[in-house]
Amino acid sequence: MIWDWDYTWDILPDLLRGLVVTVQATLVGSVVAMVLGLVFALLRRSRATPVRVVTGAVVEFIRSTPLLVQLYFLFFVLPSLGITLSGFLAGVIGLGVHYATYTSEVYRAGIEGVPRGQWEAATALNLPTSRVWRSVILPQAIPRVLPALGNYVIAMFKETPLLSAITVLEMLAVAKGLGSQTFRYLEPLTLVGLLFLLVSLPASLTVRRLERRYAR
Amino acid sequence: MHADKVADTEKLAKAIRVEPSAAREMVRFDKVVKRFGDNVVLRELDFHVRPGERITLIGPSGSGKTTILRLLMTIEKADGGKIHVDGECLTHSNRGGREVPADEKHIRTVRKKIGMVFQQFNLFPNMKVLRNVAEAPVHCLGLSRGEAEARATELLELVGLGAKLDAYPSQLSGGQQQRVAIARALAMQPKVLCLDEVTSALDPELVAEVLDVLRNIAASTDITMLCVTHEMKFARDVSDRVLMFDQGQIVEEAAPDKLFTQPEHQRTRTFLRALLEEH
Ligand SMILES: Nc1ncnc2c1ncn2[C@@H]1O[C@H](COP(=O)(O)OP(=O)(O)OP(=O)(O)O)[C@@H](O)[C@H]1O
Ligand SMILES: [Mg+2]
């Protein structure tokens, strides 16, 4: 089996279109994970015990079950409850919610890393709690956790092929389709690996730079 | 080091308006109890501070001085007793003729009267100096951003930091940071100012600039001050009364000249002697 360059150039545009879907799913999933993770982190610090307990249980449940099962649930089970989602929508919700359980831990660590004196100064100034979060705590907590959040974005990027299981035509699904048409898998799958590398390597280096910037 | 000019008294008096108080006691601790686990730090502590009075709290490490200020600032919660500020109860509120533990809303209204400066400054590192001072007045006094910044600028000029409005706290010396913290506390126009060892974290050569600012404030306003400090000279210059604490109890109290020169209790004498040797 020798590398076929003509075939390579033929399939590249299709794979790049798949890459666009992969990147889109990652970006939308990341936004969901960033926002929902912060909501989880804040709810787990709520003064109301039931809110804390329920949030903790939900987060623990989501984190302890496989992402693929959650994707199947969103895509195949929800329609029987009257909620039909496109593969892409189910995919980004699944990815986002699953990763939100990880990012919530990251936020928690960041929030706990803000010195107690900051809370005390805010109390002494009589700042309302919501204002303390927005003006004092989160602006200090979030920059410090950006590298950790970035690492989860990269991890999510590398997990998007799971979405092929719910009909999303991301890069791996495209490659599989091409392979089954032509019975040549070498070129499409190699290209998929290379394209993943092409995106995640610079992304990792960026995160590394962020880490150095915020390391103190 | 003293390039920053120190403000004159009149301007300070105008910038820091302390509303006169009708109450006979500005601060009153009434059988206040505070425990940390099994450690009873305050055991039914009683004391009061008159409006405009400056008191200094001294005593050995662990005697509860910081705890007293933190209880007053509502950073800690008392386990028993009551605290009154300017005629209002800080720890309890009245609901249908019955006394109940104060809720957050009640605490917020009484807390407005109190300000605090910390040993470690506790400035907000994510905000420039000007915003550090202007932030709370915008959100708690209802001033517009412009008004709040104008007043913050004035206060910062009065503590000798008019040139540092756009600096971040990390770019300032400890003494400068602490002066920002003083301006920040004053911007909320408190009637009571709590100062917890505000020069202890400073390099020795920076202590004077902070104490000078506090002396000016004491000389030109009617603000009530509760001051924990080991700076005996400052305590003598500024305070009306010194309270000597040991194990959460007042051992003795007197005017500074009396207490520092002729202490009545052995415990005070040993403490003062140890302090002198340290310096
Ligand atoms: N958050 C806390 N948790 C547990 N114990 C505490 C806490 N804060 C204070 N304490 C204890 O309360 C007692 C009084 O402490 P406090 O800080 O009020 O003393 P202090 O007079 O300010 O001492 P120093 O001169 O060292 O500042 C000490 O025994 C201390 O260990
Ligand atoms: Mg102390």
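The structure displayed is predicted, hence computed values, not measured ones.

Draft legend 1. Structural detail: the sheet that holds strand β3 (residues 54-58) of chain B. Residues and elements named next belong to chain B. In spatial order, the strands read β8-β9-β10-β3-β11-β12; together these six strands make up an open sheet with mixed pairing. Looking along the sheet, the strands with just one partner apiece sit at the ends: β8 (114-117) and β12 (249-254). For this sheet the average axis-to-axis angle between neighbouring strands, irrespective of direction, equals 20°. As judged from the five bridges shared by strand β9 (residues 192-196) and strand β10 (residues 224-228), these two strands associate in the parallel manner.

Draft legend 2. Quick peek at the interface of chain B and chain A. Listed as interface residues are 24 residues of chain B and, on the opposing side, 16 residues of chain A. Surface buried jointly by chain B and chain A totals about 1700 Å² across both partners, of which 59% is contributed by carbon and sulfur atoms. On inspection of chain B and its partner chain A, the count reaches one salt bridge. A salt bridge links Arg70 of chain B to Glu120 of chain A; the shortest N-O distance between them is 2.9 Å.

Draft legend 3. Main features of the sheet that holds strand β4 (residues 80-85) of chain B. Residue and element names in this part refer to chain B. An order of β2-β1-β4-β5 is seen for the four strands of this open sheet, with the pairing classed as antiparallel. Each having just a single partner strand, β2 (39-49) and β5 (88-89) make up the two edges of the open sheet. Relative to β2, strand β1 (residues 27-36) runs antiparallel, the two sharing seven bridges. By the bridge assignment for β2, Val27 is matched with Val49.

Draft legend 4. Here's a closer look at helix α4 (residues 129-140) of chain B. Along α4 of chain B, ten of the twelve residues are buried, which leaves the element largely enclosed by surrounding structure. Restricting attention to buried positions, one finds in α4 of chain B the residues Val129, Leu130, Asn132, Val133, Ala134, Glu135, Ala136, Pro137, Val138 and Cys140 of chain B. On its buried face, α4 of chain B sits against α6 (129-159) of chain A together with α5 (145-158) and α6 (174-186) of chain B. The positive-phi residue at the C-terminal boundary of α4 of chain B is Gly142 of chain B, with phi of around 70°.

Draft legend 5. Spatial organisation of the packing of aromatic side chains. Enumeration according to the criterion identifies ten aromatic pairs over all chains in this entry. Between Phe75 of chain A and Phe76 of chain A, the aromatic rings sit 4.9 Å apart at their centres with planes inclined by 75°, giving edge-to-face as the arrangement. The class for Phe75 of chain A is buried, based on a relative accessible area of 17%. Ring geometry for Tyr102 of chain A versus Tyr152 of chain A: centroids 5.4 Å apart, planes at 10°, classification stacked. With Tyr102 of chain A in helix α4 (residues 87-112) and Tyr152 of chain A in helix α6, this pair connects stretches of sequence that are 50 residues apart. Taking relative accessible area as the criterion, Tyr102 of chain A reaches 23% and is therefore assigned partly exposed. What makes Tyr152 of chain A partly exposed here is its relative accessible area of 28%. An aromatic cluster of at least three residues, connected via ring pairs, comprises Trp3, Trp5 and Trp9 of chain A. Above the ring of Phe36 of chain B, the side-chain terminus of Lys34 of chain B is found at 5.0 Å from the ring centroid. Sitting over the face of the ring of Phe124 of chain B, Arg184 of chain B holds its NZ or CZ atom 4.6 Å from the ring centroid.

Draft legend 6. How the structure looks around the site of ligand 1. Residues and elements named next belong to chain B. All residues in the neighbourhood of ligand 1 are listed as Phe36, Asn39, Val41, Pro60, Ser61, Gly62, Ser63, Gly64, Lys65, Thr66, Thr67 and Glu197. Here Ser63 contributes a backbone N or O atom positioned 3.3 Å from an oxygen atom of ligand 1. Residue Glu197 places a side-chain N or O atom 3.4 Å away from an oxygen atom belonging to ligand 1. Protein chains shield 62% of the accessible area of ligand 1, which is 640 Å² for the free molecule. Those elements giving two or more residues to the shell around ligand 1 turn out to be β2 and α2 (65-72). For the shell around ligand 1, the element with the most residues is α2, which contributes three residues. Looking at the shell around ligand 1, its residues break down into three nonpolar, seven polar and two charged.

Draft legend 7. Focus on the packing of helix α1 (residues 5-43) of chain A against helix α8 (residues 186-214) of chain A. Residues and elements named next belong to chain A. Two numbers describe how α1 lies on α8: the axes approach to 10 Å, and their chain directions differ by 45°. In terms of axis orientation, α1 runs oblique to α8. Where α1 crosses over α8, the handedness of that crossing is right-handed. Contact residues: α1 offers Tyr7, Thr8, Ile11, Leu12, Leu15, Leu16, Leu19 and Thr22, while α8 offers Glu187, Pro188, Leu191, Val192, Leu195, Phe196 and Val199. Here the residues of the contact of α1 with α8 sort into twelve nonpolar, two polar and one charged.

Draft legend 8. Spotlight on a nonpolar patch on the surface. Residue and element names in this part refer to chain A. Together, Leu68, Tyr72, Phe73, Phe76, Val77 and Leu81 make up a nonpolar patch on the protein surface, roughly 550 Å² of accessible area in all. Mapped onto the secondary structure, Tyr72 falls in helix α3 (residues 67-77). Tyr72 gets classed as partly exposed once you look at its relative accessible area, which sits at 37%.

Draft legend 9. Spotlight on unusual backbone geometry. All names here are of chain B. Residues other than glycine seldom take positive phi values, yet Thr74 does so here, at roughly 65°. Structurally, the position occupied by Thr74 is in the loop between α2 and β4. A relative accessible area of 16% places Thr74 in the buried class.

Draft legend 10. Expanded view of the pattern of salt bridges. Under the criterion given, the structure shown has 30 salt bridges over all chains. Between Arg44 of chain A and Glu105 of chain A there is a salt bridge; the shortest N-O distance is 3.6 Å. Here the residue Arg44 of chain A occupies a position in the loop between α1 and α2 (49-64), and Glu105 of chain A occupies one in helix α4, the gap between them amounting to 61 residues. Glu105 of chain A sits in the partly exposed class, given a relative accessible area of 26%. Glu25 of chain B is paired through a salt bridge with Arg28 of chain B; the nearest N and O atoms lie 2.8 Å apart. When salt bridges with common partners are traced through the structure, they connect Arg116 and Glu120 of chain A together with Lys34, Arg70 and Glu76 of chain B into a single cluster.

The rules behind these values
- Residues numbered from 1 in each chain as written.
- Chains lettered and ligands numbered in written order.
- Predicted model: local features only at pLDDT ≥ 70, side-chain atom pairs only at ≥ 80, totals over all residues.
- Heavy atoms only, no water.
- Pairing = 2+ DSSP bridges.
- Helix = DSSP H or I, 4+ residues; strand = E, 2+ residues; numbered from the N terminus.
- Axes fitted to C-alpha atoms, helices over the stretch in contact; angles between N-to-C directions.
- Contact = heavy atoms within 4.5 Å.
- Buried area = accessible area lost by both parts, 1.4 Å probe.
- Salt bridge = Lys/Arg side-chain N within 4 Å of Asp/Glu carboxyl O.
- Buried < 20%, exposed > 50% of the residue type's maximum accessible area, 1.4 Å probe, protein only.
- Phe/Tyr/Trp six-rings, centres within 6.5 Å; stacked < 30°, edge-to-face > 60°.
- Lys NZ or Arg CZ within 6 Å of the ring centre and 35° of its normal.
- Near = heavy atom within 4 Å.
- Polar contact = N/O pair within 3.5 Å; in protein donor to acceptor, adjacent residues only side chain to side chain.
- Areas by Shrake-Rupley, 256 points an atom, 1.4 Å probe, with all protein chains shown as cover.
- Nonpolar A, V, L, I, M, F, W, Y, C, P; charged D, E, K, R; others polar.
- Parallel < 35°, antiparallel > 145°, perpendicular 65-115°, else oblique.
- Left-handed = near helix turned anticlockwise from the far one by under 90°.
- Patch = residues over 30% accessible without salt bridge, like charges linked within 9 Å, V, L, I, M, F, W, Y side chains within 5 Å.

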